[in-house]
Amino acid sequence: MMKKITLFMFTLLMTSIGFSQDLITNGDFEADAAGGVNPPANWEASSNAKTNAVAEYTVVSPGTYGCNLGNDFQKIEQIITPTADQQYKVTFYYFMGNANVDPADAAKTRIYGIDANEANANSSPKIILSNGGADMELDQTATDWTTVTYTFKLTAAQIASVHAVKFSIWKPKRNTDGTKVNSAFRLDDVSIVEDATANLNDLKQFGFSFYPNPAKDNLYLNSQKEIQSISVFNLIGQKMLSIEKPGKTIDVSNLSKGVYMVKTNIQGNTGTFKFIKE
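Residues numbered from 1 in each chain as written. Predicted model: local features only at pLDDT ≥ 70, side-chain atom pairs only at ≥ 80, totals over all residues. Heavy atoms only, no water.

Caption draft 1: Seen up close, the overall build of the protein. Each helix and strand counted, the protein has two helices and 18 strands in total. A separation threshold of at least 6 residues defines the contact pool for the protein, and within that pool the share at least 24 residues apart is 71%. (Helix = DSSP H or I, 4+ residues; strand = E, 2+ residues; numbered from the N terminus. Contact = heavy atoms within 4.5 Å.)

Caption draft 2: View of the pairing of strand S17 (residues 258–266). Direction of pairing for strand S14 (residues 229–234) relative to S17: antiparallel, over a ladder of six bridges. Bridge pairing in S17 places Ser229 opposite Asn265. With nine bridges joining them, S17 and strand S18 (residues 269–277) adopt antiparallel strand pairing. Residue pairing in the sheet places Val259 in a bridge with Ile276 of S18. (Pairing = 2+ DSSP bridges.)

Caption draft 3: Region of the structure containing the sheet that holds strand S5 (residues 87–96). Spatially, the five strands line up as an open sheet ordered S2-S3-S11-S5-S9, and their pairing is antiparallel. The open sheet has two edge strands with one neighbour each: strand S2 (49–53) and strand S9 (146–153). Adjacent strand axes in the sheet meet at a mean angle of 35°, parallel and antiparallel pairs treated alike. As defined by bridge partners, S2 adjoins strand S3 (residues 65–69) across five bridges and the pair is classed as antiparallel. Looking across to S3, one finds that Lys50 is bridged to Asn68. (Axes fitted to C-alpha atoms, helices over the stretch in contact; angles between N-to-C directions.)

Caption draft 4: Summary view of the environment of Thr143. Following the sequence through the fold, Thr143 ends up in the loop between strand S8 (136–137) and S9. Note on Thr143: relative accessible area 33%, which makes it partly exposed. Each C-alpha atom of the pair Thr143 and Met96 lies 5.0 Å from the other, and the pair is 47 residues apart in sequence. (Buried < 20%, exposed > 50% of the residue type's maximum accessible area, 1.4 Å probe, protein only.)

Caption draft 5: Structural view of the sheet that holds strand S16 (residues 249–251). Strand order in the open sheet made by the three strands is S12-S13-S16, with antiparallel pairing throughout. Two strands lie at the open edges of the sheet, namely strand S12 (209–211) and S16, each paired on one side alone. Neighbour to neighbour, the strand axes of the sheet diverge by 20° on average, direction disregarded. Pairing of S12 with strand S13 (residues 218–222), which is carried by three bridges, proceeds in the antiparallel orientation. Its bridge partner being in S13, Ser209 is matched across the sheet by Asn222.

Caption draft 6: Geometry of the packing of aromatic side chains. A complete count under the given rule lists 11 aromatic pairs for this structure. Relative to Trp145, the ring of Phe95 has its centre 4.9 Å away and its plane inclined at 85°; by these criteria the two rings are edge-to-face. Here Phe95, found in strand S5, pairs with Trp145, found in the loop between S8 and S9; they are 50 residues apart in sequence, far enough to count as distant. Since its relative accessible area comes to 7%, Trp145 is described here as buried. Taking the centre distance of 5.4 Å and the plane angle of 25° together, the rings of Tyr211 and Tyr220 count as stacked. (Phe/Tyr/Trp six-rings, centres within 6.5 Å; stacked < 30°, edge-to-face > 60°.)

Caption draft 7: Seen up close, the pattern of salt bridges. Counted according to the given criterion, the structure contains four salt bridges. Close ionic contact of Lys166 with Glu77 constitutes a salt bridge, the shortest N to O distance being 3.0 Å. Here Lys166 is found in strand S10 (residues 164–171), whereas its partner Glu77 is found in strand S4 (residues 74–80), with 89 residues between them in sequence. The network of salt bridges with common partners includes Glu44, Glu77 and Lys166. (Salt bridge = Lys/Arg side-chain N within 4 Å of Asp/Glu carboxyl O.)

Caption draft 8: Structural view of the confidence of the model for the protein. Averaged over every residue, the pLDDT of the protein is 82; residues scoring 70 or more account for 83%. Within the model, pLDDT remains below 50 along residues 1–19, and this stretch shows 52 contacts once partners closer than five positions in the same chain are excluded. (pLDDT = per-residue confidence, 0-100.)

Caption draft 9: Looking closely at unusual backbone geometry. In this model, Asn38 is joined to Pro39 through a cis peptide bond whose omega is -10°. For Pro39, the position within the fold is in the loop between helix H1 (5–16) and strand S1 (44–45). In this structure, Pro212 follows Tyr211 across a cis peptide bond, with omega equal to -10°. Along the chain, Pro212 turns up in the loop between S12 and S13. In the Ramachandran plot, Asn42 falls in the positive-phi region, its phi being about 75° despite a non-glycine side chain. Take Asn42: it is sitting in the loop between H1 and S1. Positioned with a positive phi, Gln267 is a non-glycine residue whose angle comes to about 50°. Tracing the backbone shows Gln267 in the loop between S17 and S18. Residue Gln267 is classed as partly exposed on the basis of its relative accessible area of 47%.

Okay, structure coming up:
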């Protein structure tokens, strides 16, 4: 069994860049350095969601462990702190332990908000904030490592309306008529990072553009509204420049030759673009 190396390398690169910090901690389940731990470090989980050795499977990502969500109802989740109006990309890998799991027993994923008194993994969601307010169902026939990706963006009002925001994966309790097979589920390499594919989409409403590319001395910015800030990163995630209200020109003459990512903020909307320094 094998996870797709191209997507893994993309996720690894984006996680390494400073402006794309992963919202999930211990998404590879390696922090416990042991199997059978409940709950896995940094996660909230129901009683039978434990770290599980996955070395017998050919996985691209380094490490030994994943998470096993055992039979019947199980849930694993983690509080996250997304920035308002920033689009995020959720990625994880999973497979079912059996091929004939009933569709009604399919695992599900969600981003949801909780009240202050909903403090444990068995709490019901106050409001589902992703996928149009509904759980996203996973393919219950997947018995090989399968990649799931989806995006979400929360407004400031949505974040303010809940006590905390959580990422969750859960499975319902099986029907007890004796015909349902074991619904155990393996999970690994969970990440939530800023969505690089969004690029400058959120800035198009301001008529944003930049030139030249490649640039030698100056990078020129056009926008119908004031640019609040820019940050320039190299491809190993080091912040090289940070400028509040940069105006229309960025002096890049002191940067070494290479490729850089620029995070740009206009009226609370964030976009990123790449340029080459000659």
